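The residues making up each chain are set out below.
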There are 2 protein chains.
Amino acid sequence: MGQEKDGLTVKKSEDFSEWYTQLMIKAELADIRYNVKGLPVYMHWSTKSMKKMYRIMENILENEGHEPILFPAMIPEQNFKLESEHVKGFIPEVFWVTEHGNNEKLEEKLALRPTSETAFYQMYALWIRSYRDLPFKRYQSGTVWRYETKATRPFFRTREVHWIETHNAFANEKDADNQVIKDMKTTEEFLVNKLAIPFIFFQRPQWDKFSGAVNSFAADALMPSGKVLQLPSTHFLGQKFSKAFNVKFMDKDKKEKYVYITCYGPAISRIYGALIALHGDDKGLILPFDIAPYHIVVVPILFDKTKTKVLKKADEILRRLNDYDIFMDKREEYTPGYKFNEWEMKGVPIRIEVGPNDLENKTFTIFRRDINKKYAIKEKDLEKEILKIKKEFTSNLIKKTEVEFKNNIKEAKNFEEMRNIIENEKIARVCFCSLDKEGENCATKIEKELGAFVRGKKVGKIEKPFRNCVICNKKSKEVVYVAKSY
Amino acid sequence: MGQEKDGLTVKKSEDFSEWYTQLMIKAELADIRYNVKGLPVYMHWSTKSMKKMYRIMENILENEGHEPILFPAMIPEQNFKLESEHVKGFIPEVFWVTEHGNNEKLEEKLALRPTSETAFYQMYALWIRSYRDLPFKRYQSGTVWRYETKATRPFFRTREVHWIETHNAFANEKDADNQVIKDMKTTEEFLVNKLAIPFIFFQRPQWDKFSGAVNSFAADALMPSGKVLQLPSTHFLGQKFSKAFNVKFMDKDKKEKYVYITCYGPAISRIYGALIALHGDDKGLILPFDIAPYHIVVVPILFDKTKTKVLKKADEILRRLNDYDIFMDKREEYTPGYKFNEWEMKGVPIRIEVGPNDLENKTFTIFRRDINKKYAIKEKDLEKEILKIKKEFTSNLIKKTEVEFKNNIKEAKNFEEMRNIIENEKIARVCFCSLDKEGENCATKIEKELGAFVRGKKVGKIEKPFRNCVICNKKSKEVVYVAKSY
């Protein structure tokens, strides 16, 4: 793939959008030349990381009592019609399967699932009978399809999304509420501890909920473009869907009751987009340690005279570090410098160089991508040093991104201040009349004037309004956050 | 899920089909009540094993130099038309996406991928430039959809299949040939060593190839119904698709050449069907060790007086065996006997019981599902005993299935002998005129008279014909195998 792999020709700070676009092909992440709009091919370098992300998230979910399951990708049109808000929200985005073979019509149109509530809950109605079956917690790793009308961009917004969805049924409202709180903790464990992505969990305004939900909660992260990107969201569906799909159980008191349902949807491909956008620098990607395809790349510095000895030493490194995902780059058609640039662009956390000088001095040369520093260590210290970097790596990333994130949230006392903050690619914290239906007019004004959105109120911490609504000047019920968004 | 979980009411040997159907719901494998024909829901017990199967196969493929990749599920109609045999073979089976939103037509019909040659190779044409890019080996784990017109059955034949497909490009024919041989070894490593499924790899007759292939090779296993089930197949596509999709490279000699392509498709959901059908017995499933959701289930025998002590001892087992997937069943609403039956039906390889008597005798009671035997061991021998069972378990299964498989292949000297063998639910080994086009008439006669198919000739071992063709009595070129099939 010759020239395409060469370095980036633009700085991230100067043109984020072009930087992101160049990375797609040069780091072998995604190719948008596939001949359907909005459906990129995800190449091996991103796929390897996304597979690791799936595995981490699936482990967290299984430890939390979710079992895996596989539903069909096609959902009959009739299923959608059972929950009236859900049908309104999702039908415009559905891809429809209508034919088979040579122009033969199907008996019924089938939706390519945009989300799976209407597939899952009809089966829950068959499977759940007694309080003994509850909680009933399932997750599915897979793909959903939505006919997006907004501009698409690999990972951020596409017509095919690689995600996980959980669907949980409970005997009572309190258990369901607790699940929503657990989902938020799961999100923090995944995004912050594993991927170094800072975010705020918002309770969304009533006019911006998941279609069919009683309440929606979503994690927003801020991208370098100044727009927020919605990451995992969790939804309290109450008994809306259980009534629509007749999901009942016999309780201990011998009464038949409808279950309470929650669902949660971490979109792996989108989260991957967020992390490359946040951590990368002018050289290219910086990947959090646990999801890097290779944790370590070994580059032997090869000269004819010392080649055999150097390769032997490099093999020793591979042996000593075989608990890690480690790769030796011994391609002879490229110079060491070319290889250094390539692996730095691809965001490999650690590079170990070994050449004739290292042999002589009994050292290895280490380069770490979190702080972009190169230094020598004694041969015998190898395992210790790598373990140290492993421990520090992702927390170094989160320290940096958290400071940036906090610095980009600014309080606005009035509309003009809010405009300034938004135009400077930051998030505005403002007082706002209401997140119930009556606040929607004020939100629409913000959207029209600034192209920005009321993202909701912060979860977990009650913030008291300190002045009147930034738009209508009526008494504020809430402190909300306003930002442009993808 | 109360009563549905209760034991099987039919013996496998007496009614395999009903036995299989009962297992679907009772062992929580699949539910065909989902409201689209041919699209079952795969429940958690089968999904957990299939996830392990994916992981094992992906590791084998990655060690073999394949990188993962993710292509879109939709393929434009125009792509199919580029390879004329491929379009003929696959169009009748395609589900078509034709609309979005509220009855709005898409600009072009999109196929829900039935297989991905026509998606992959247009991108390979962009990515592959030089001999340095070759071999170019990619695999995709995912789902394919085919509008099957034959009777469907969960795992065996469905309209949605969970599989892996590899697509590999090479500089010359020899490298491609070698890949086909490697794919067959991979199949053996997976099916025999991990899953205890015996099979024969056949080179398929020219009239029964993958549409667009030069040669097709497929592994057939024999199910208890007397029908064979096609498991992984690997295909030598030669330069047919590289010419259709213009996949060229600059060779060392500075000449532009078309690549040679191979593809390989292990269908995880179908292989799972084969292994439950083969290994199960009248009690239910027997799962090969490495893919059992739990390797071990611990059942504490609880009485009021000794409950605390017994649970403490059970916890000790969990701690000592935490390298295994181990589950403690301490549900109090079910009797030990009920639990024994349930875990035996679900095919868990090892059960460890611990009760008051065990405490007194310093023993654990072990039940192993490969040989259905129960015995006591000394507490201190726990790790050693489990390791021993782990080593023996899957090879005990393959010993049994291999003998059965060999006993079910019978030589037929004439048509009447062949009819007898087929009617007795076995595979007939016969002499046959030719696997090229001129043999198709004889194959059609076999199909019409016996409902059976010429599966091809054995790969890897040249078998010399010992008499004339079993149908036309002309000189035989081949020894072939004939069987009914799914």
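Remember, predicted model here, so these are calculated numbers, not experimental data.

**Quick look at the packing of aromatic side chains**
Consideration 1: Inspection of the entire model under this criterion finds 62 aromatic pairs over all chains.
Consideration 2: Geometrically, the ring pair formed by Tyr 121 of chain A and Phe 241 of chain A is edge-to-face, given 5.6 Å between the ring centres and 70° between the ring planes. Residue Tyr 121 of chain A is found in helix 5 (residues 117-127), and its partner Phe 241 of chain A is found in helix 7 (residues 240-245); the two are separated by 120 residues along the sequence. In this structure, Tyr 121 of chain A and Phe 241 of chain A share a single accessibility class: buried.
Consideration 3: Plain terms: the ring middles of Tyr 20 of chain B and Phe 156 of chain B are 4.9 Å apart, the flat faces sit at 45° to each other, and that makes the pair tilted. Here Tyr 20 of chain B is found in helix 1 (residues 16-26), whereas its partner Phe 156 of chain B is found in the loop between strand 7 (136-145) and strand 8 (160-170), with 136 residues between them in sequence.

**What to know about the sheet that holds strand 6 (residues 104-112) of chain B**
The strands making up a sheet associate through backbone hydrogen bonding, with each pair oriented either parallel or antiparallel.
Consideration 1: Spatially, the six strands line up as an open sheet ordered 4(A)-6(A)-5(A)-5(B)-6(B)-4(B), and their pairing is antiparallel. Every other strand in the sheet has two partners, leaving strand 4 (74-76) of chain A together with strand 4 (74-76) of chain B as the edge strands with one partner each. For this sheet the average axis-to-axis angle between neighbouring strands, irrespective of direction, equals 45°.
Consideration 2: Both strand 4 of chain B and strand 6 of chain B contribute to a ladder of three bridges, which runs antiparallel. Residue Pro 76 of chain B lies in a different strand from strand 6 of chain B, and its bridge partner there is Leu 110 of chain B.

**Let's talk about the confidence of the model for chain A**
Consideration 1: Looking at chain A, the pLDDT average stands at 96 and 99% of residues meet or exceed 70.
Consideration 2: Among the prediction metrics, the complex's ipTM stands at 0.96, with pTM recorded as 0.97.

**Section: the interface of chain B and chain A**
Consideration 1: Residue-level contacts link 66 residues of chain B with 66 residues of chain A.
Consideration 2: Linking Glu 58 of chain B and Arg 55 of chain A is a salt bridge whose minimum nitrogen-to-oxygen distance equals 3.9 Å.
Consideration 3: Here chain B and chain A share 29 residue pairs in polar contact (both at pLDDT 80 or more) between them.
Consideration 4: In terms of residues, the side of chain B that touches chain A owes the most to one element, helix 2 (residues 44-63) of chain B, which gives seven residues.
Consideration 5: For the side of chain B that touches chain A, a count of residues per class yields 36 nonpolar, 14 polar and 16 charged.
Consideration 6: The pairing of strand 5 (residues 95-100) of chain A with strand 5 (residues 95-100) of chain B spans five bridges and is classified as antiparallel. If you follow Glu 99 of chain A over to strand 5 of chain B, its bridge partner there is Trp 96 of chain B.

**Observations regarding the domain arrangement of chain A**
Interface extent is often summarised as the accessible area lost during association of the parts.
Consideration 1: For chain A, the domain assignment lists domain 1 (2-279), domain 2 (294-392) and domain 3 (409-485).
Consideration 2: For domain 2 of chain A and domain 3 of chain A, the distance between their C-alpha centroids amounts to 50 Å.

**Concerning the pairing of strand 11 (residues 227-238) of chain A**
Residues and elements named next belong to chain A.
Consideration 1: For strand 11, the tally of buried residues reaches ten of twelve residues, placing the bulk of the element in the interior.
Consideration 2: As paired elements, strand 10 (residues 215-222) and strand 11 share seven bridges and run antiparallel to each other. The partner of Asp 220 across the bridge, within strand 11, is Gln 230.
Consideration 3: Hairpin connection of strand 10 to strand 11: four residues between the antiparallel strands, including Gly 226 at a positive phi of 90°.
Consideration 4: Here two bridges tie strand 11 to strand 23 (residues 478-485), and the two strands are oriented parallel to one another. What sits directly across from Val 228, in strand 23, is Ser 485.

**Observations concerning the sheet that holds strand 17 (residues 350-354) of chain A**
All names here are of chain A.
Consideration 1: Spatially, 16-15-17-18-19 is the arrangement adopted by the five strands of the open sheet, whose pairing is mixed. Single-partner strands in this sheet number two, and they are strand 16 (326-328) and strand 19 (373-378). In this sheet, adjacent strand axes meet at a mean angle of 25° when their direction is disregarded.
Consideration 2: As paired strands, strand 17 and strand 18 (residues 363-368) are joined by four bridges and run antiparallel to one another. If you follow Glu 353 over to strand 18, its bridge partner there is Thr 365.
Consideration 3: Seen against the sheet, helix 10 (residues 336-345) touches strand 15 (296-300), strand 16, strand 17, strand 18 and strand 19 and runs at an angle of roughly 175° to strand 15.
Consideration 4: Contacting strand 15, strand 17, strand 18 and strand 19, helix 12 (residues 382-407) crosses the sheet at an angle of about 5° to strand 18.

How each quantity is defined
Residues numbered from 1 in each chain as written. Chains lettered and ligands numbered in written order. Predicted model: local features only at pLDDT ≥ 70, side-chain atom pairs only at ≥ 80, totals over all residues. Heavy atoms only, no water. Phe/Tyr/Trp six-rings, centres within 6.5 Å; stacked < 30°, edge-to-face > 60°. Helix = DSSP H or I, 4+ residues; strand = E, 2+ residues; numbered from the N terminus. Buried < 20%, exposed > 50% of the residue type's maximum accessible area, 1.4 Å probe, protein only. Pairing = 2+ DSSP bridges. Axes fitted to C-alpha atoms, helices over the stretch in contact; angles between N-to-C directions. pLDDT = per-residue confidence, 0-100. Contact = heavy atoms within 4.5 Å. Salt bridge = Lys/Arg side-chain N within 4 Å of Asp/Glu carboxyl O. Polar contact = N/O pair within 3.5 Å; in protein donor to acceptor, adjacent residues only side chain to side chain. Nonpolar A, V, L, I, M, F, W, Y, C, P; charged D, E, K, R; others polar. Domains from an automatic or database assignment.

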